[in-house]
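# Reading the structure
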Amino acid sequence: MSTTLRDLPAWKSLESHYSEVKDRHLRDLFAEDPGRGERMTAEAAGLFLDYSKHRATHETLKRLVKLAEESDLRGRIDAMFRGDPINATEHRSVLHVALRAPKGQSIFVDGKDVVPDVHEVLDKMAGFTGRIRSGEWKGYTGKPIRNVVNIGIGGSDLGPVMAYEALRHYSDRGLTLRFVSNVDGTDFAEATRDLDPAETLFIVSSKTFTTLETMTNAQTARAWTLAALKDDASIARHFVAVSTNAEEVSKFGIDTANMFGFWDWVGGRYSMDAAIGLSTMIAVGPENYRAMLAGFHAMDEHYRTAPFEKNLPAILGLLTVWYTDFFGAETVAVLPYDQYLKRFPAYLQQLTMESNGKSETLDGKRVDYPTGPIYWGEPGTNGQHSFYQLIHQGTRLIPCDFIGFCRSLNPVGEHHDLLMSNVFAQAEALAFGKTAEQVKSEGTADWLVPHRTFEGNRPSNVILADRLTPEVLGALIALYEHSVFTQGTIWRINPFDQWGVELGKVLAKRIIPELESKDEPKLNHDSSTNALIRRYRQHKAR
Ligand code: G6Q
């Protein structure tokens, strides 16, 4: 595209529209249009989205949809689903949608239908899962496996941890699942301190099987196992791998018959429903896992086919562009009102920020508009007693995503009504606030009135589902995946590479020998790095 984003007619029309909308209050928008709360909603794949509490009108949405059209969002979606190499900087297709394509559908990469391969791996995972869960798979000493430890980091960790926590209700409580990611030895030590090696299976999850943290942890796990079981042959009974790199897997000593593969057209942070989900499947069983895939697929189909004005991921993504680029909002708070989703914000941080934290367009030009906002959050109601003060009365505009469920998986007394009353109340308070007149009329002393006033006009989405089922979880994740893609498409960046994580890794490799060497190394960094390394060496030697 030769024009820049700012040259698009829809962008210009949004600029002028912004000046009309920016000072309008949600109180007025609702007063003028009482049907708004029912109309500005959309529903798909078991998720209901209320986006009426946004500083946007029907006209805003129309113009945002126009922006999507002028940005060829439709063409980009089709290209992704078709398997075109849209990850241009890595010359790769981007086909996480193929991971949940049902049997019988065809998606081609370089002329080869990849869907049968996906199902072959899924079947292999299901077979293995069955053997672990039934106790048929024995550890080296003949004991069944009771503990499963996933070793992986980034995309090979955050999805599995999040999904395990999210679907704990559906998990086999006789199995202990643990996750080791950090190269900090504490992570491994604490995850394994109460486990019996004879009953423990390690899943080494690494697309490349070369990642420093994962390989270091895998070697430590190997040593931990061998210290107890004292035979190299035990490794084959206690280690399996999820990877695309059979050669490295086999070098590690894992039988490639126990390797679960995936493909370079699956990005790390889009891989939790590839074989990287093996720990999830072991925890919840193949049936629940497949239900989760069905939820993903339902949202994929919705994204691929629904008109943008009714398309949940498109709406979510376009509104994020609206706040990021027009209102100058810098963050999005994700606030799940469900304890099982406690790791969802952390998972989303990688998905959103590693994807859209870019400042070069696909054709290598520096963007002249803000891209990827910071995503953050905590489950409600906990966050309310922590950072909500700033969202309500601080100086920043923070669009919020509230996520709630109509039915609890653990109905206890009135807990769930109390929980959900807070979802509705928070969104209401943020939008409508409390005027000085209202505060005064309650008899508040004049000097205190400003402190107790809520200006409101703070936007939010409310995402509601019936219950947190595996299907709903899949749909929820796909909703955000495709929202990210929508944003990236508008911003003309590549959401599927992550060159920004390279430099630090390379520099760390150079520093490792400088920390480890016995002799004082010749340091050639800047004065700060040199001094820090010297100080570390001195203290470590004590
Ligand atoms: C995700 C990133 C990154 C990756 C990890 C682990 O999109 O690529 O988070 O998942 O670096 O990589 P491996 O799976 O290759 O160990």
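Structure: see above.
Residues numbered from 1 in each chain as written. Predicted model: local features only at pLDDT ≥ 70, side-chain atom pairs only at ≥ 80, totals over all residues. Heavy atoms only, no water.

### Let's talk about the layout of surface pockets
Rolled over the atoms, a probe sized like a water molecule indicates the empty space that remains. Within this model, the largest pocket holds a volume of roughly 1,100 Å³. Thr 208, Thr 211, Gln 498, Val 501 and Lys 505 are the residues nearest the centre of the largest pocket, which is lined by 39 residues in total. Of all the elements in the fold, those that place two or more residues in the lining of the largest pocket are α9 (212-229), α14 (344-356) and α20 (502-516). Element by element, the count of residues in the lining of the largest pocket is highest for α20, at 6 residues. Split into classes, the residues belonging to the lining of the largest pocket amount to 12 nonpolar, 17 polar and 10 charged. Looking at the second largest pocket, it is lined by 18 residues, and the ones nearest its centre are Gln 339, Ser 408, His 415, His 416 and Leu 419. Its residues assigned to classes, the lining of the second largest pocket shows 7 nonpolar, 10 polar and 1 charged. (1 Å grid on protein atoms, 1.4 Å probe; cavity = no way out; pocket = protein on both sides within 12 Å on 5 of 7 lines; lining within 4 Å. Points joined across faces, edges and corners; volume = space filled by probe spheres on them. Helix = DSSP H or I, 4+ residues; strand = E, 2+ residues; numbered from the N terminus. Nonpolar A, V, L, I, M, F, W, Y, C, P; charged D, E, K, R; others polar.)

### Section: the side chain of Thr 486
With respect to the element layout, Thr 486 can be found in helix α19 (residues 470-491). On the basis of relative accessibility, which here comes to 0%, the residue Thr 486 falls in the buried class. Sequence-distant contacts of Thr 486, defined by excluding residues within four places in its chain, comprise Leu 73, Tyr 303, Pro 313, Ala 314, Gly 317 and Leu 318. (Buried < 20%, exposed > 50% of the residue type's maximum accessible area, 1.4 Å probe, protein only. Contact = heavy atoms within 4.5 Å.)

### Concerning empty space enclosed by the protein
Going through the model one piece at a time under the given rule, you end up with 2 cavities of 30 Å³ or more. Taken together, 16 residues line the largest cavity, and the ones lying closest to its centre are Thr 320, Val 332, Pro 399, Asp 401 and Asn 461. Elements with a minimum of two residues in the lining of the largest cavity: α13 (312-327), β10 (331-336), β12 (400-405) and α19. The residue inventory of the lining of the largest cavity, partitioned by class, reads 9 nonpolar, 6 polar and 1 charged. Considered as a void within the structure, the second largest cavity measures approximately 60 Å³ in volume. Lining the second largest cavity, in full, are Leu 99, Val 118, Val 121, Leu 122, Met 125, Gly 261, Phe 262, Trp 263, Asp 273, Ala 274 and Ala 275. In terms of residues, the lining of the second largest cavity owes the most to one element, helix α6 (residues 115-134), which gives 4 residues. Across the lining of the second largest cavity, the residue classes break down as 9 nonpolar, 1 polar and 1 charged.

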